Amino acid sequence: MGYEFQVTVDSAHPHEQAKWWASALGWAVEPSDEDFIRGLVAAGHAQESDTTTFEGVLVWREGAAISDPEHSERPRVLFQLVPESKTVKNRLHFDIRVGDNREDVAAHLETVGAKVLHRGQQGPSVWITMSDPEGNEFCVS
């Protein structure tokens, strides 16, 4: 029997990264339950310093998650706050499969903060390696 999993991405700005990746993938940022957070703080189970406000919404400071609202069986992606910045090439990356639209998708992602690193091809497989706003590599294929 296999296990379920989520993908966790270390991030300097997890809420901004979650918003960016949700847009890039056509997914949604999982909503924050402000009343639940306030209740935990009021009961002493969390501290105000565990929270922050992002785009006017009270959220957990440590992270934000995205998921595909149309396909709940897909793994969610959690962006978690870490103090160190990215320093080396990723050992794991996302491949966004867009079919023949890869150039259009890559061009759009560039306009919202991604960078093209290089283009590759192996046999019939063609891809564009890019980096997100925090420098994490991914491919559009």
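1. Considering unusual backbone geometry
Piece 1. Non-glycine residue E55 carries a positive phi angle of around 50 degrees.
Piece 2. Relative to the helices and strands, E55 is located in the loop between β3 (51-54) and β4 (57-60).

2. Quick look at the sheet that holds strand β1 (residues 7-11)
The strands making up a sheet associate through backbone hydrogen bonding, with each pair oriented either parallel or antiparallel.
Piece 1. One open sheet accounts for four strands, arranged β1-β6-β5-β2; its pairing is mixed. Each edge of the sheet is formed by a strand with only one pairing partner; in this case those strands are β1 and β2 (28-29).
Piece 2. Here strand β5 (residues 63-67) pairs with strand β6 (residues 77-81) via four bridges, running antiparallel. Its bridge partner lying in β6, A65 is registered against L78.

3. Section: the sheet that holds strand β7 (residues 94-96)
Piece 1. Ordered in space as β7-β10-β9-β8, the four strands form an open sheet in which the pairing is mixed. Of all the strands in the sheet, the pair left with one neighbour each is β7 and β8 (115-122). For this sheet the average axis-to-axis angle between neighbouring strands, irrespective of direction, equals 25 degrees.
Piece 2. The pairing of β8 with strand β9 (residues 125-131) spans seven bridges and is classified as antiparallel. Note that in β9 the partner of R119 across the bridge is I128.

4. Some points on the pattern of salt bridges
Piece 1. Applying the stated rule across the entire model yields eight salt bridges.
Piece 2. Ionic pairing is found between K19 and E55, a salt bridge with its closest N-O pair at 2.5 Å. With K19 in helix α1 (residues 14-25) and E55 in the loop between β3 and β4, the pair connects residues that are 36 residues apart, well separated along the chain.
Piece 3. We classify K19 as partly exposed; its relative accessible area is 43%.
Piece 4. Residue classification places E55 among the exposed positions, given a relative accessible area of 55%.
Piece 5. We note a salt bridge from K86 to E137, for which the minimum N-O separation is 3.4 Å. Here E137 lies in strand β10 (residues 137-140) and K86 lies in the loop between β6 and β7, a separation of 51 residues in the sequence.
Piece 6. It is possible to trace a salt-bridge network through shared partners that takes in E34, D35 and R38.

The rules behind each value
Residues numbered from 1 in each chain as written. Predicted model: local features only at pLDDT ≥ 70, side-chain atom pairs only at ≥ 80, totals over all residues. Heavy atoms only, no water. Helix = DSSP H or I, 4+ residues; strand = E, 2+ residues; numbered from the N terminus. Pairing = 2+ DSSP bridges. Axes fitted to C-alpha atoms, helices over the stretch in contact; angles between N-to-C directions. Salt bridge = Lys/Arg side-chain N within 4 Å of Asp/Glu carboxyl O. Buried < 20%, exposed > 50% of the residue type's maximum accessible area, 1.4 Å probe, protein only.

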